[in-house]
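Fold and geometry: a report
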Amino acid sequence: MRNLITGGAGFIGSHLADYLLKEGEEVVILDDLSTGSFDNIKHLVDNKRFRYYIGKVEDGRLFEGIVDSVDRIYHLAAAVGVQLIVEDPVRTIENNINSTQVVLEHAVTYGKPVLVASTSEVYGRSDKLPFSEESEVVYGPTSRFRWSYAISKAVDEFLFLAYNRQKGLPGVIVRLFNTVGPRQTGRYGMVIPRFVKQALTGEPITVYGSGEQTRCFTHVLDVVPALRNLMKTKKAQGLVVNIGNDEEITINDLAEKIQKRVNPKVEIVRLPYEKVLGKNFEDMDARRPDLTRIRQLIGYHATKTLDTIIEDVYNYYREEWKPEI
Ligand code: UDP
């Protein structure tokens, strides 16, 4: 089985590459290294079943040739992270929509199944928890750029579902809930690598808002086997599927947990959202997945606890110190 991973030098993409290779499959990745990093894949370059291309999905010819040569496509290339969305909304909206359109067009031409990575951001600011795949989505005004990310990913979902229904394209949409682990950078806002890095360097841990907002974190090593499993599952074809963990924690408790584990001497400070993310920023109070569908489809359950996630991120940054995180 030969797989193409777009965004394969990114955090989740590179773990998926590791996993598929471990399962004996072949992997081709395409990444423009805009948010991904060569460091994430350098340990794979001597593997005969691995090949990489640095470029964009939108570079039509290159991409078409690659699609023709593979059996399955994992479309993970996307603009990620709340901070990037706020700082560079043009790149976020254009990247997300254009690249998915190109992937789907070529996939349908060559008859290759596609997994499209979406996000729990798609649920927007809905407060009807837990979020199940058929739940309503609720967005704020278009003047608040956070929602542009949610809506661009919702358009990606509509595009896939339309190709699936109208043109018979096989594949699946996955909505990922706060996936964390080694190789994730805090540069685009993600909270756990940021808190771990702050504690490691002795800078104050920065809790945004009241810190009473909650999230559910999932280890990337629980996510990647589920991606492959869903691709292989007939009943999953044409569906939207949540992947995550349903154990909630407040950001205050998370900050204390990381402080205790990494550096008990570090200070925890609270910063108003407008100071760090601008005046028009809106956050969600809570986000918890309903995992009924994925349990029924592939018997999924998250195996790794938040303590393991923190430990793994901590060890990664201790060993592979990256000053730019
Ligand atoms: N957050 C925080 N301090 C940081 C970065 C993030 O308090 O330095 C908060 C953020 O406001 C949100 C939560 O942590 O409520 C999760 O943020 P992240 O960007 O990791 O993911 P999100 O769920 O917002 O996509």
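What counts, and at which threshold
Residues numbered from 1 in each chain as written. Predicted model: local features only at pLDDT ≥ 70, side-chain atom pairs only at ≥ 80, totals over all residues. Heavy atoms only, no water. Helix = DSSP H or I, 4+ residues; strand = E, 2+ residues; numbered from the N terminus. Rg over C-alpha atoms; globule rule 2.2 N^0.38 Å. Buried < 20%, exposed > 50% of the residue type's maximum accessible area, 1.4 Å probe, protein only. Contact = heavy atoms within 4.5 Å. Areas by Shrake-Rupley, 256 points an atom, 1.4 Å probe, with all protein chains shown as cover. Lys, Arg positive; Asp, Glu negative; His and termini not counted. Charge placed at Lys NZ, Arg CZ, Asp CG, Glu CD. Salt bridge = Lys/Arg side-chain N within 4 Å of Asp/Glu carboxyl O. Patch = residues over 30% accessible without salt bridge, like charges linked within 9 Å, V, L, I, M, F, W, Y side chains within 5 Å. Near = heavy atom within 4 Å. Polar contact = N/O pair within 3.5 Å; in protein donor to acceptor, adjacent residues only side chain to side chain. Pairing = 2+ DSSP bridges. Axes fitted to C-alpha atoms, helices over the stretch in contact; angles between N-to-C directions. Right-handed = clockwise from strand over helix to strand, strands pointing away.

Remarks on the overall build of the chain
Looking only at helices and strands, one finds 11 helices and 13 strands in the chain. The C-alpha radius of gyration of the chain comes to 19 Å, within 12% of the 20 Å expected for a compact globule of 325 residues. Taking the principal axes of the C-alpha coordinates as reference, the chain spans close to 55 × 45 × 40 Å. Relative to its 325 residues, the chain shows a buried fraction of 54%. Counting only contacts in the chain whose residues sit at least 6 apart along the sequence, the fraction spanning at least 24 positions is 80%. When the accessible surface of the chain is totalled, it reaches about 14,200 Å², and 48% of it is carbon and sulfur. Charged side chains of the chain number 42 positive and 44 negative; the gap between the two group centres comes to 2 Å.

A look at the pattern of salt bridges
Pairing between side chains of opposite charge can happen when their charged atoms approach one another. Under the definition given, this model contains 20 salt bridges. With a shortest N-O distance of 2.8 Å, aspartate 283 and arginine 215 are connected by a salt bridge. With a gap of 68 residues between them, aspartate 283 in the loop between helix 9 (273-277) and helix 10 (292-298) and arginine 215 in strand 9 (residues 214-215) connect regions that are remote in the sequence. Judged by relative accessible area, aspartate 283 falls into the partly exposed class, the value being 21%. Relative accessible area serves as the criterion here: at 6%, arginine 215 is assigned to the buried category. Salt bridges here are not isolated pairs; linked through shared partners, they connect Glu121, Arg146, Arg215, Asp283 and Arg287.

Considerations on unusual backbone geometry
Backbone phi values are negative for most residues with the exception of glycine, while trans is the configuration of most peptide bonds. Residues leucine 129 and proline 130 are joined by a peptide bond in cis, for which omega reads -5°. Residue position: proline 130 is located in the loop between strand 5 (114-119) and helix 5 (146-167). Its identity is not glycine, yet arginine 183 carries a phi of approximately 80°, on the positive side. Mapping arginine 183 onto the fold places it in the loop between strand 7 (179-180) and helix 6 (191-201). With relative accessibility at 17%, the residue arginine 183 sits in the buried group.

Quick look at a nonpolar patch on the surface
There is a patch of nonpolar side chains on the surface, built from Leu33, Phe38, Val45, Tyr52 and Ile54 and spanning about 370 Å² of accessible area. Mapped onto the secondary structure, isoleucine 54 falls in strand 3 (residues 50-54).

Some thoughts on the environment of arginine 125
For arginine 125, the location among the structural elements is in the loop between strand 5 and helix 5. The exposure class assigned to arginine 125 is partly exposed, which follows from its relative accessible area of 38%. Sequence separation between arginine 125 and tryptophan 147 is 22 residues; the distance between their C-alpha atoms is 9.1 Å. Look past the residues within four positions of arginine 125 in its chain and what remains in contact with it is Val138, Tyr139, Gly140, Pro141, Trp147, Glu282 and Met284.

Quick notes on the site of the ligand
Around the ligand there are 18 residues in total, and Arg194, Thr206, Arg215, Asp283 and Arg287 lie nearest to it. One of the side-chain nitrogen or oxygen atoms of glutamine 213 is found 3.1 Å away from an oxygen atom of the ligand. Within the contact set of the ligand, an oxygen atom lies 2.6 Å away from a side-chain nitrogen or oxygen of aspartate 283. Compared with its free state, where it exposes 520 Å², the ligand has 93% of that area covered by protein. Broken down by secondary-structure element, the contributors of at least two residues to the shell around the ligand are helix 6 and strand 8 (205-208).

Focus: the pairing of strand 4 (residues 72-75)
Successive residues of a regular strand alternate their side chains across the two faces of the sheet. Here strand 4 shows no split at all, with Arg72 and Tyr74 on one side and Ile73 and His75 on the other all buried. With 4 bridges joining them, strand 1 (residues 2-6) and strand 4 adopt parallel strand pairing. Pairing of threonine 6 across the sheet is with histidine 75, part of strand 4. Sheet topology places strand 4 next to strand 5; 3 bridges connect them, and they run parallel. Considered in strand 5, the bridge of isoleucine 73 is made with valine 114.

What to know about the sheet that holds strand 5
One open sheet accounts for 7 strands, arranged 3-2-1-4-5-6-11; its pairing is parallel. The open sheet has two edge strands, strand 3 and strand 11 (240-243), and neither has a second partner. Between one strand axis and the next, the sheet turns by 20° as a mean value, whatever way the strands run. Where strand 6 (residues 171-176) lies against strand 11, 4 bridges are found, and the strand directions are parallel. For leucine 176, the partnering residue across the bridge sits in strand 11 and is isoleucine 243. Sitting on the sheet, helix 1 (residues 11-22) is in contact with strand 1, strand 2 (26-31), strand 3, strand 4 and strand 6, with an inclination near 170° to strand 1. Lying over the sheet, helix 2 (residues 60-69) contacts strand 1, strand 2, strand 3 and strand 4, oriented at roughly 145° with respect to strand 1.

Structural notes on the pairing of strand 5
Burial within strand 5 is extensive, with 6 of its 6 residues counted as buried. Judged by which residues are buried, strand 5 turns out to be covered on both faces: Val114, Val116 and Ser118 on one side and Leu115, Ala117 and Thr119 on the other are all buried. This β-α-β element, strand 5 to helix 5 to strand 6, shows right-handed connectivity.

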